[in-house]
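Structural characterization, general
Below, each chain spelled out in residue letters.
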Amino acid sequence: MINYAIMSSPIGKLLLAKSTRGLSHIIFEHKIEKYETIIANNFPNQKIINDQSFLIDEVNQLTEYFSGCRKYFDIKLDIRMPPFYKKVINVVSKIPYGTYLSYKEVASKAGNLKAARAAGTANARNLIPIVIPCHRVLASHGKLGGYGGGIKIKKYLLKLESIK
């Protein structure tokens, strides 16, 4: 069973989904209408239930983050990705608040200096943005690169964390 809740945020509505193992998805507003398909890709044949009470802690931590009171998350995660992508996501999850790495640096820390594109693809497939701060990964020379929520949201998150 997968439980989900929808919360309001300064960047629009966010749908949070959680399995019995932990938070599995944060879906931006422009993709919420496809949430069942998005969740079913990782959890086929699972019942998806709207249960705000199951995600109170996650919603509270994200609310604190957006208010500037939280610099790191203490949330159990359910990450389902191929091994190298998991390594990349693990590196990204450890980028401190207010700092950033380049795709090349992330690839290097994940064990393959020449896999900057693969690191970018892993970031693009990050199902738990914000909590796994893929917005803190930039192209070389500090250029923004892409972002699943859109560049406007990436800029907002970087500004929130005072990353220039």
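The sections below set out a description of the structure shown in this document. All of these numbers come straight from a predicted model, not from anything done at the bench.

So, the packing of aromatic side chains
- Enumeration according to the criterion identifies five aromatic pairs in this entry.
- Note on Tyr65 and Phe66: the rings are 5.3 Å apart at their centroids and 70 degrees apart in plane angle, and the pair reads as edge-to-face. Residue Tyr65 shares its accessibility class with Phe66, and that shared class is buried.
- Judged by centre distance (6.2 Å) and plane angle (80 degrees), the rings of Tyr65 and Tyr97 are edge-to-face. Taken as a pair, Tyr65 in helix H2 (residues 56-66) and Tyr97 in the loop between helix H3 (83-93) and strand S5 (101-102) lie far apart in primary sequence, 32 residues in all.
- Between Lys18 and the ring centre of Phe54, over which it is positioned, the NZ or CZ distance is 4.9 Å.

Some remarks on the pattern of salt bridges
- For the coordinates displayed, the defined rule picks out five salt bridges.
- The salt bridge partner of Lys18 is Glu58, with a shortest N-O separation of 2.8 Å. Within this pair, whereas Lys18 is found in strand S2 (residues 14-18), its partner Glu58 is found in helix H2, the two being separated by 40 residues in sequence. We note that Lys18, like Glu58, is buried.
- Here Asp78 makes a salt bridge to Arg80, at a shortest N to O gap of 3.0 Å.
- Residue classification places Asp78 among the buried residues on the basis of a relative accessible area of 2%.
- By sharing partners, the salt bridges in this structure join Arg21, Asp78 and Arg80 into a single network.

A word on the pairing of S2
- Across the five residues that make up S2, a large majority, five, are buried.
- Burial of S2 is two-sided: the residues Leu14, Leu16 and Lys18 facing one way and the residues Leu15 and Ala17 facing the other way are all buried.
- Alignment of strand S1 (residues 2-7) against S2, held across five bridges, turns out to be antiparallel. Bridge pairing in S2 places Ile6 opposite Leu15.
- Where S2 and strand S3 (residues 23-28) come together, five bridges link them in antiparallel fashion. Counted as the bridge partner of Lys18 is Leu23 from S3.

Reading guide: rules and limits
- Residues numbered from 1 in each chain as written.
- Predicted model: local features only at pLDDT ≥ 70, side-chain atom pairs only at ≥ 80, totals over all residues.
- Heavy atoms only, no water.
- Phe/Tyr/Trp six-rings, centres within 6.5 Å; stacked < 30°, edge-to-face > 60°.
- Buried < 20%, exposed > 50% of the residue type's maximum accessible area, 1.4 Å probe, protein only.
- Helix = DSSP H or I, 4+ residues; strand = E, 2+ residues; numbered from the N terminus.
- Lys NZ or Arg CZ within 6 Å of the ring centre and 35° of its normal.
- Salt bridge = Lys/Arg side-chain N within 4 Å of Asp/Glu carboxyl O.
- Pairing = 2+ DSSP bridges.

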